[in-house]
Amino acid sequence: MDFRFTEDQLILVESIRDYFGGTHGPEVLRRLDVEGNRDPDIWQGLVDMGLTGLCVPEAHGGLGMGIVEAALIAAECGRVCLAEPLVDTAFVAVPWLIAKGETDKLSAIAAGDHKVALPHVLNPWVADGEGKPQTSVDPLRNLAMFPASGSNDDRLLNLGALMNAAQLLGLADAMLEQAVEYAKIRTQFGQPVGAFQALKHQLASCAVAVEFAKPVVWRAAAAMQDGLETAPVHVSHAKIAASDAAMLTAETAIQVHGAMGYTYEVDLHFWMKRTWALVGGWGDRSYHYKRLDE
């Protein structure tokens, strides 16, 4: 079996990465933080790129792509710390609605006119949902808590945890890149801190953790797409691996920045806070470890 991504999938990722690179940099995150978290033009850009309809069947106005493509793009959303709830609506809710045969809202979702926030008993705090507003550690997340406890559907949990893991991969990649770049310009004792062996080892450990987590997440996405009975095991493995890689990278990046990464003046803090917010979502580390033991 060939587990490599297809040329079309790689082109898709490259095009979305280029698009985000030109439209959603750190300066945009800072503007959103000051101006109220949401910009209709950013959402419309996602619609125009076809991302809201990525998994929506062509008959309903979408692109008809699968869970693997959604996971790849979710990672790119994490890489740029995307503020909009694209992943929740387009990559979690849409596949779940399709699996349940509930297709009446798919055209509106593809057109960007309808956002869906699905609570779960393990994840009752939903992004941009209608409910009681909640405070998040991430200033760019608009959270709401549903009055009811939410669904206990396993497929919904698997989709949410998978896409969470994919975003954490992108976050880890971005934080590692920021740490490496800062290590080149920050100096101590007359030389860049990146020249010190201890710091090299720490950054190398982060790189290994991230690269080892990637195939775990992609395997989970393929298992979900193929409907394998073992998909829940793969998803839990992916959530653990991606969470561990992102947390390790966040901690190391803070150290590289001399703890300034905590401060508002350093862009890194946006990615760190998103990491902290996502690690506990859709089942924490303890939950997924227990799930692997079952």
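*Asks:* Could you clarify how one ought to interpret the packing of helix α1 (residues 7-23) against helix α4 (residues 67-79) in this entry?
*Replies:* Helix packing geometry: the angle between the two helix axes and the distance between the axes. Packing of α1 against α4 leaves a shortest axis separation of 10 Å and a crossing angle of 25°. Considering the angle they form, α1 stands roughly parallel to α4. Classified by chirality, the crossing of α4 by α1 is right-handed. Contact residues: α1 offers Gln9, Leu12, Val13, Ile16, Arg17 and Phe20, while α4 offers Val68, Glu69, Leu72, Ile73, Glu76, Cys77 and Arg79. Of the residues contributing to the contact of α1 with α4, the split by class is 8 nonpolar, 1 polar and 4 charged.

*Asks:* I would appreciate a short explanation of the sheet that holds strand β3 (residues 143-145) in the present structure.
*Replies:* Pairing between the strands of a sheet comes from backbone hydrogen bonds, and it takes one of two forms, parallel or antiparallel. Here we have 3 strands laid out as an open sheet, ordered β1-β3-β2, and antiparallel in their pairing. Only two strands of the sheet have a single partner each, and these edge strands are β1 (125-127) and β2 (132-134). Recorded for the sheet is a direction-independent mean angle of 45° between the axes of neighbouring strands. Of the pairings in the sheet, the one linking β2 to β3 comprises 3 bridges and is antiparallel in character. Bridge assignment links glutamine 134 to a residue of β3, and that residue is leucine 143.

Analysis parameters
- Residues numbered from 1 in each chain as written.
- Predicted model: local features only at pLDDT ≥ 70, side-chain atom pairs only at ≥ 80, totals over all residues.
- Heavy atoms only, no water.
- Axes fitted to C-alpha atoms, helices over the stretch in contact; angles between N-to-C directions.
- Helix = DSSP H or I, 4+ residues; strand = E, 2+ residues; numbered from the N terminus.
- Parallel < 35°, antiparallel > 145°, perpendicular 65-115°, else oblique.
- Left-handed = near helix turned anticlockwise from the far one by under 90°.
- Contact = heavy atoms within 4.5 Å.
- Nonpolar A, V, L, I, M, F, W, Y, C, P; charged D, E, K, R; others polar.
- Pairing = 2+ DSSP bridges.

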